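Single-letter residue listing:
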Amino acid sequence: MKCIFCEIVNRNSPAEIIFEDEKIIAFLDNKPFNFGHSLVIPKIHCEDFLSVPEDHLMNLISAVQAVSKAVLKGLNVSGFNIISNNGKTAGQSVFHFHFHIIPRFKSDKHKYRLNLKSYAPGEMKRFAESIKNFVNNQE
Ligand code: 5GP
Ligand code: ZN
């Protein structure tokens, strides 16, 4: 199956491109949360954040910052969300890695209804330990 974002990179599918360099391209999402909702992607096809080649990560983050600044200035907004869905469980629908940059307006009606949890005593430490063990041991 063809990857729609690769098609955009290769100019086989139209998009409103707002930034491009050797490794990165950014364009407007065609079903935006708010107008100006932008996507920043590596040009190379990689499915999710974990598979972005290390030598693309710095370019990617720099582009996210540059596009965020431009969205703020260009649309005269003061807030924005950076979101990335990784994996079907997390809501990813296009499996070519991307960051969403979503301009926010005081008047927009977007509300995140999160079902926040509470740790039982001692449980937080247990979760931290489970993660910590792997942070410095990434084979
Ligand atoms: P995800 O659900 O994977 O986090 O985000 C994928 C995003 O890509 C969605 O917000 C969707 O609107 C956007 N998208 C999907 N197909 C196209 C397309 O053909 N062109 C553009 N510009 N955006 C797309
Ligand atoms: Zn792709």
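Residues numbered from 1 in each chain as written. Chains lettered and ligands numbered in written order. Predicted model: local features only at pLDDT ≥ 70, side-chain atom pairs only at ≥ 80, totals over all residues. Heavy atoms only, no water.

**Some details on the pairing of strand E5 (residues 99-104)**
- With five of six residues buried, E5 lies mostly within the body of the structure.
- Examined bridge by bridge, strand E3 (residues 38-42) and E5 share three bridges and lie antiparallel to one another. The partner of Ser-38 across the bridge, within E5, is Ile-101.
- When strand E4 (residues 79-83) meets E5, the two strands line up antiparallel, connected through five bridges. (Buried < 20%, exposed > 50% of the residue type's maximum accessible area, 1.4 Å probe, protein only. Helix = DSSP H or I, 4+ residues; strand = E, 2+ residues; numbered from the N terminus. Pairing = 2+ DSSP bridges.)

**Here we look at the sheet that holds strand E2 (residues 24-28)**
- Within the open sheet, the five strands sit side by side as E1-E2-E3-E5-E4. Their pairing is antiparallel. What marks the edges here is a single partner per strand, and that holds for strand E1 (17-20) and E4. Neighbour-to-neighbour, the strand axes of this sheet turn through a mean angle of 20 degrees, independent of strand direction.
- Against the sheet, helix H2 (residues 54-75) contacts E1, E2, E3, E4 and E5, and its axis sits at roughly 20 degrees relative to E5. (Axes fitted to C-alpha atoms, helices over the stretch in contact; angles between N-to-C directions. Contact = heavy atoms within 4.5 Å.)

**Brief notes about the site of ligand 1**
- In the vicinity of ligand 1 there are 16 residues, among which Leu-28, Asp-29, Asn-85, Ser-93 and His-100 approach most closely.
- In this structure, an oxygen atom belonging to ligand 1 sits 2.4 Å away from a side-chain N or O atom of Asp-29.
- Put simply, the parts of the chain that give the shell around ligand 1 at least two residues each are helix H1 (4-9) and E2.
- At three residues, H1 tops the list of elements feeding residues into the shell around ligand 1.
- Partitioning the shell around ligand 1 into residue classes produces seven nonpolar, seven polar and two charged. (Near = heavy atom within 4 Å. Polar contact = N/O pair within 3.5 Å; in protein donor to acceptor, adjacent residues only side chain to side chain. Nonpolar A, V, L, I, M, F, W, Y, C, P; charged D, E, K, R; others polar.)

**Here we look at the nonpolar core**
- Within the largest apolar cluster, 13 residues are counted, with the highest numbers of intra-cluster contacts made by Val-40, Leu-60, Val-67 and Ile-101.
- Of all the elements, H2 adds the most residues to this core, at five residues.
- If we skip the residues at most four places from it in the chain, Val-67 touches Ile-18, Phe-19, Ala-26, Ser-38, Val-40 and Ile-101.
- Of all hydrophobic cores here, the second largest spans ten residues; its members include Cys-6, Ile-8, Ile-25 and Ile-41. (Core = buried A, V, L, I, M, F, W, Y, C linked by side-chain atoms within 4.5 Å.)

**Some words on unusual backbone geometry**
- Despite not being glycine, Arg-11 shows a phi value in the positive range, around 65 degrees.
- Within the secondary structure, Arg-11 is located in the loop between H1 and E1.
- Look at Asn-76: it is not a glycine, yet its phi comes out positive at around 55 degrees.
- Residue position: Asn-76 is located in the loop between H2 and E4.

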